Amino acid sequence: DQKNNRQVEQHSEKLIELYRLTGQEEKYREELRFRVCSCYLRDLEYVKKLRKVLAEDEWPTLLQELLRQNTGRDIYYELLAYGEQWQRLFEKIRDKNRLDLMERYAKAMCGWAADKVPECYTEMLKDAMQQASNKNEYRRVVGYLSGLRDCPNGEEAVSSLVAYWR
């Protein structure tokens, strides 16, 4: 039941803080792992704390486990970005045609593929504009141009799109 799950999370969070304050490193690490792997992830706060205390070779395995557990949730995309899994992030955003996520992660992904990301972003925007059927939808699509502008050659891509739409 949701109330009990939230109570478990709260108790775990208190234990994490107490173990940290009292220097019980092993218990701190174990409780962080429990909080991250067994409780609902709303954000990456505890993931980041756990990563700091993991051995370097443990992180990739934990990341894969978290990705498996959180498929289909928005935190999945945050995990991919935090884990610098740019190829997977790009493919998921492209395959799901999620302009909101492309806007959010385009700048970071451009460091991985400076040509691929703006090209895909532009195609997604063209498709969205073709599917827009009213003024509000047009406004929503045009709002995503700011994310494209942040990419390398983004100003040029935006100008090209505007010309294409006219």
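Our subject in this report is the structure included herewith.

Criteria and thresholds
- Residues numbered from 1 in each chain as written.
- Predicted model: local features only at pLDDT ≥ 70, side-chain atom pairs only at ≥ 80, totals over all residues.
- Heavy atoms only, no water.
- Helix = DSSP H or I, 4+ residues; strand = E, 2+ residues; numbered from the N terminus.
- Rg over C-alpha atoms; globule rule 2.2 N^0.38 Å.
- Buried < 20%, exposed > 50% of the residue type's maximum accessible area, 1.4 Å probe, protein only.
- Contact = heavy atoms within 4.5 Å.
- Areas by Shrake-Rupley, 256 points an atom, 1.4 Å probe, with all protein chains shown as cover.
- Lys, Arg positive; Asp, Glu negative; His and termini not counted.
- Charge placed at Lys NZ, Arg CZ, Asp CG, Glu CD.
- Expected span 1.5 Å × (residues − 1).
- Polar contact = N/O pair within 3.5 Å; in protein donor to acceptor, adjacent residues only side chain to side chain.
- Phe/Tyr/Trp six-rings, centres within 6.5 Å; stacked < 30°, edge-to-face > 60°.
- Salt bridge = Lys/Arg side-chain N within 4 Å of Asp/Glu carboxyl O.
- Axes fitted to C-alpha atoms, helices over the stretch in contact; angles between N-to-C directions.
- Parallel < 35°, antiparallel > 145°, perpendicular 65-115°, else oblique.
- Left-handed = near helix turned anticlockwise from the far one by under 90°.

For the protein, the count of helices and strands is 11 helices and 0 strands. For 166 residues, the compact-globule estimate of 2.2 N^0.38 gives 15 Å, and the C-alpha radius of gyration of the protein, at 20 Å, exceeds that figure by more than 25%. Considered along the principal axes of its C-alpha atoms, the protein spans approximately 65 × 35 × 25 Å. Residues classed as buried in the protein amount to 39% of the 166 residues present. For the protein, contacts bridging at least 24 residues in sequence account for 47% of all contacts bridging at least 6. Taken as a whole, the protein presents about 10,200 Å² of accessible surface, with 45% of it coming from carbon and sulfur. Charge-centre separation for the protein: the mean point of 29 positive side chains lies 4 Å from the mean point of 29 negative side chains.

On to helix α8 (residues 116–131), then. The first and last C-alpha atoms of α8 sit 23 Å apart over 16 residues, in line with the 22 Å expected at 1.5 Å per residue. Of the positions making up α8, those classed as buried are Val117, Pro118, Cys120, Tyr121, Thr122, Met124, Leu125, Ala128 and Met129. Buried residues along α8 sit against α6 (86–96), α7 (99–110), α9 (135–143), α10 (145–149) and α11 (154–165).

On the secondary structure map, Arg35 appears in helix α2 (residues 25–38). Engagement of the side chain of Arg35 in a polar contact is seen with the side chain of Glu13, the distance being 3.0 Å. Sequence-distant contacts of Arg35, defined by excluding residues within four places in its chain, comprise Arg6, Glu9, Ser12, Glu13, Ile16, Tyr40, Arg42 and Tyr46.

Each aromatic ring pair is specified by the distance between its two centres and by the angle formed by the two planes. By the definition in use, this model includes 3 aromatic pairs. On the numbers, 5.7 Å between centres and 90° between planes, the contact of Tyr76 with Tyr77 is edge-to-face. Just as Tyr76 is buried, Tyr77 falls in that class too. Ring plane angle 50° and centroid distance 5.5 Å describe the contact between Phe90 and Trp112, whose orientation is recorded as tilted.

A separate point is the pattern of salt bridges. All told, the structure shown has 14 salt bridges when counted by the stated rule. The closest approach of N and O atoms between Glu13 and Arg6, which form a salt bridge, is 3.7 Å. On the basis of relative accessibility, which here comes to 30%, the residue Arg6 falls in the partly exposed class. A salt bridge links Lys49 to Glu45; the shortest N-O distance between them is 3.4 Å. Highlighted residues: Lys49 and Glu45, both in helix α3 (residues 45–53), separated by 4 residues, approximately one helical turn. A relative accessible area of 37% means that Glu45 is categorised as partly exposed.

Time to look at the packing of α6 against α7. The interhelical angle for the contact between α6 and α7, taken along N-to-C directions, is 155°, at an axis separation of 11 Å. By the angle between their directions, the pair α6 and α7 is classed as roughly antiparallel. For the pair α6 and α7, the sense of crossing is left-handed. Along the contact surface, α6 presents Trp86, Leu89, Phe90 and Ile93, while α7 presents Leu101, Met102, Tyr105, Ala108 and Met109.

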